[in-house]
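# Overview (structure and organization)
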2 protein chains.
Amino acid sequence: MSIVVVGSVAYDDVDTTHGNVVDALGGSASYFAVAARFFTPVSVVAVVGSDFKAEDRQRLAERGIDLRALEQKEGRTFHWHGRYHEDMNKRDTVSVELNVFDGFMPNLLADQRRCDYLFLANIAPSLQQRVLSQVSTPKLVAGDTMNLWINETRDDLIKLLSRLDILTLNDEEARMLSGESNLVKAGRAILAMGPRMLLVKRGEYGVLQFSKEGMFAVPAYPLEEVIDPTGAGDTFAGGMMGFLARSGRVSESSLRTAVVYGSVLASFVVEKFSLDRLFELTWDDIDKRYRAFIDLIDSHHARWITQ
Amino acid sequence: MSIVVVGSVAYDDVDTTHGNVVDALGGSASYFAVAARFFTPVSVVAVVGSDFKAEDRQRLAERGIDLRALEQKEGRTFHWHGRYHEDMNKRDTVSVELNVFDGFMPNLLADQRRCDYLFLANIAPSLQQRVLSQVSTPKLVAGDTMNLWINETRDDLIKLLSRLDILTLNDEEARMLSGESNLVKAGRAILAMGPRMLLVKRGEYGVLQFSKEGMFAVPAYPLEEVIDPTGAGDTFAGGMMGFLARSGRVSESSLRTAVVYGSVLASFVVEKFSLDRLFELTWDDIDKRYRAFIDLIDSHHARWITQ
């Protein structure tokens with residue numbers, strides 16, 4: 001089954017201690033779509049400016065990503081400039097230029113309004129709400145957010161939460177949204193706000209999944225070198241939702257496998273700048289690392305029954 | 001099969017942002033022994049002062065821990081004072097008084113020299129070496145160390161490493177010992193120094209296991225409240241070695257299960273100050289949390305075979 005994703009398609013400047021890129025393809029919807037497309041058809045709802053390069057549109061189109069709702073407007077594409085510390089878990093935003101993204105009013109095409117799987121990437125909760133109201137009977141709705149919306153449009157965000165099946169947040173955002181410094185308490189508090197499931201992204205420490213059924217914890221795949229963590233969270237979401245849409249089942253069991261596939265996709269994207277690693281990736285690469293990932297986390301558990 | 005542990009038995013002052021204890025039973029050998037004793041017989045080789053309370057000796061003896069080589073000397077027991085930050089991953093050492101531990105010359109009893117399982121808790125590498133040379137044909141030797149020995153007695157430590165089956169370190173120590181900031185590279189570099197297996201303890205983020213066979217990653221059990229992280233690493237080691245000694249098999253598979261049991265024991269000890277939680281723990285508590293832990297990390301993996 002196909003997925004609709006609403007979010008940003010952007011150009012990023014990324015500085016790290018070992019290199020940098022300028023005007024590299026980025027944006028939450030780009031990362032999400034390319035990752036999810038390994039599993040299932042994906043439609044992107046977003047806006048770009050007149051500077052958006054034909055070759056970038058081409059790279060997405062060649063993957064079979066539906067770009068009919070990727071609007072092109074007069075002006076410049078959304079531009080983000082970030083700088084990572086030596087410790088790649090930390091980054092500073094040097095600048096954000098909304099450009100054509102300012103005033104973005106997402107409009108889904110008729111067939112997109114009948115989609116089963118919807119991902120509301122990190123945009124203003126009011127826009128996420130707008131998109132959600134255009135979709136008739138989605139089977140699964142997932143959403144992401146950030147500190148800005150938690151602080152500045154909290155009421156809008158809270159209203160949205162009860163309509164989400166899955167909310168993704170990083171650990172800092174989970175603490176901010178819940179007001180709890182302990183992550184387990186934070187997870188419980190956020191579940192009580194409405195989403196059926198919460199996925200807390202912890203960067204190099206992996207993902208914590210909270211649901212009424214319990215907790216699931218996966219580490220991140222340990223890598224020898226991380227080049228650029230940008231987009232890891234959206235790539236994770238793309239792999240996770242892609243697997244769910246492909247399997248067509250949403251159960252505790254399929255959700256756990258989905259979280260592993262999301263972690264696998266995320267482990268690739270950080271190996272190069274921008275979407276470079278995703279664009280060269282093959283299904284064979286994914287399958288190999290999935291098996292390595294399962295081996296990484298398989299406890300070979302043999303319970304000691306008698307004392 | 002039984003385990004011999006050489007390390008400290010101490011009195012600790014522990015300050016946290018929500019409470020404190022003074023002169024509480026602590027020390028690496030104490031935590032290790034009480035945890036391991038849930039699985040198998042344990043002998044403690046250590047030294048205490050004339051101030052060591054009969055009731056503390058009694059509490060250890062009542063668990064069936066062999067204290068014949070717990071020497072009592074004129075003077076004060078080893079004393080450590082630590083203070084945890086709001087973020088419990090960080091702590092400062094306020095003071096360390098070696099007291100009777102200064103000049104400690106461990107001597108194993110005749111039967112202890114024939115032990116199969118030996119744990120060299122965090123003491124000077126030269127003392128660890130001394131103990132190792134007293135043991136005839138151990139089946140498995142594991143050891144712990146700290147930043148002090150890595151910096152000040154590096155040569156002694158390096159010499160010891162090739163004689164260890166398992167080395168336990170925290171992530172900061174692994175980086176320090178290897179000179180690599182990336183943990184995967186650090187792990188590989190340390191394996192090349194000799195130990196057959198490396199267990200990197202990452203506090204609330206769990207454990208990374210490195211061996212020639214590959215990597216194994218487990219999260220820490222997510223807790224709603226952490227009261228006192230002191231001794232978590234030694235308790236982990238106790239649960240891990242305890243399971244191995246009990247099972248009598250050392251394979252990649254049994255080592256992974258052992259790491260989970262270690263993590264389970266460590267998840268209890270931090271719930272109260274000192275060894276309080278370990279002393280009240282039942283096998284039923286351990287078994288329940290082991291099952292919860294397996295549920296926490298079980299990916300229900302269903303590999304997607306066709307593209």
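Located above this text is the structure these notes cover.
Quick caveat, the model's predicted, so the values are computed rather than measured. (Residues numbered from 1 in each chain as written. Chains lettered and ligands numbered in written order. Predicted model: local features only at pLDDT ≥ 70, side-chain atom pairs only at ≥ 80, totals over all residues.)

A tally of helices and strands in chain A yields 11 helices and 13 strands. The principal-axis extents of the C-alpha atoms in chain A amount to approximately 70 × 40 × 35 Å. Expressed as a percentage of its 307 residues, the buried residues of chain A come to 48%. Taking contacts inside chain A between residues at least 6 apart in sequence as the whole, the part at least 24 apart equals 65%. (Helix = DSSP H or I, 4+ residues; strand = E, 2+ residues; numbered from the N terminus. Buried ≥ 20, exposed ≤ 12 C-beta atoms within 10 Å, placed from the backbone. Contact = placed C-beta atoms within 7 Å.)

Residues and elements named next belong to chain B. Relative orientation of the contacting elements helix α8 (residues 232-247) and helix α9 (residues 252-269) amounts to 140°, with a least axis distance of 7 Å. Judged by the angle between their axes, α8 and α9 are oblique. Regarding α8 and α9, the two cross each other, and that crossing is right-handed. Two secondary-structure elements touch here, α8 through A232, T235, F236, A237, G238, G239, M240, F243, L244 and S247 and α9 through S254, T257, A258, V259, Y261, G262, S263, V264, L265, A266 and V269. Classifying every residue of the contact of α8 with α9 by side-chain character gives 13 nonpolar, 8 polar and no charged. (Axes fitted to C-alpha atoms, helices over the stretch in contact; angles between N-to-C directions. Parallel < 35°, antiparallel > 145°, perpendicular 65-115°, else oblique. Left-handed = near helix turned anticlockwise from the far one by under 90°. Nonpolar A, V, L, I, M, F, W, Y, C, P; charged D, E, K, R; others polar.)

Each partner contributes to the interface: chain A provides 36 residues, whereas chain B provides 36 residues. Every element with two or more residues in the side of chain A that touches chain B is listed here: α7 (183-192), β13 (214-218), α9 (252-269) and α11 (283-297) of chain A. With 7 residues, α11(A) is the single largest residue contributor to the side of chain A that touches chain B. The residue inventory of the side of chain A that touches chain B, partitioned by class, reads 20 nonpolar, 9 polar and 7 charged.

This brings us to the pairing of strand β1 (residues 3-6) of chain A. All names here are of chain A. Side-chain alternation along β1 places I3 and V5 on one buried face and V4 and V6 on a second face that is also buried. Here β1 runs beside strand β8 (residues 117-120); their pairing, made up of 4 bridges, is parallel. Considered in β8, the bridge of I3 is made with Y117. Pairing analysis gives 4 bridges linking β1 to strand β4 (residues 42-48), with the strands arranged parallel. (Pairing = 2+ DSSP bridges.)

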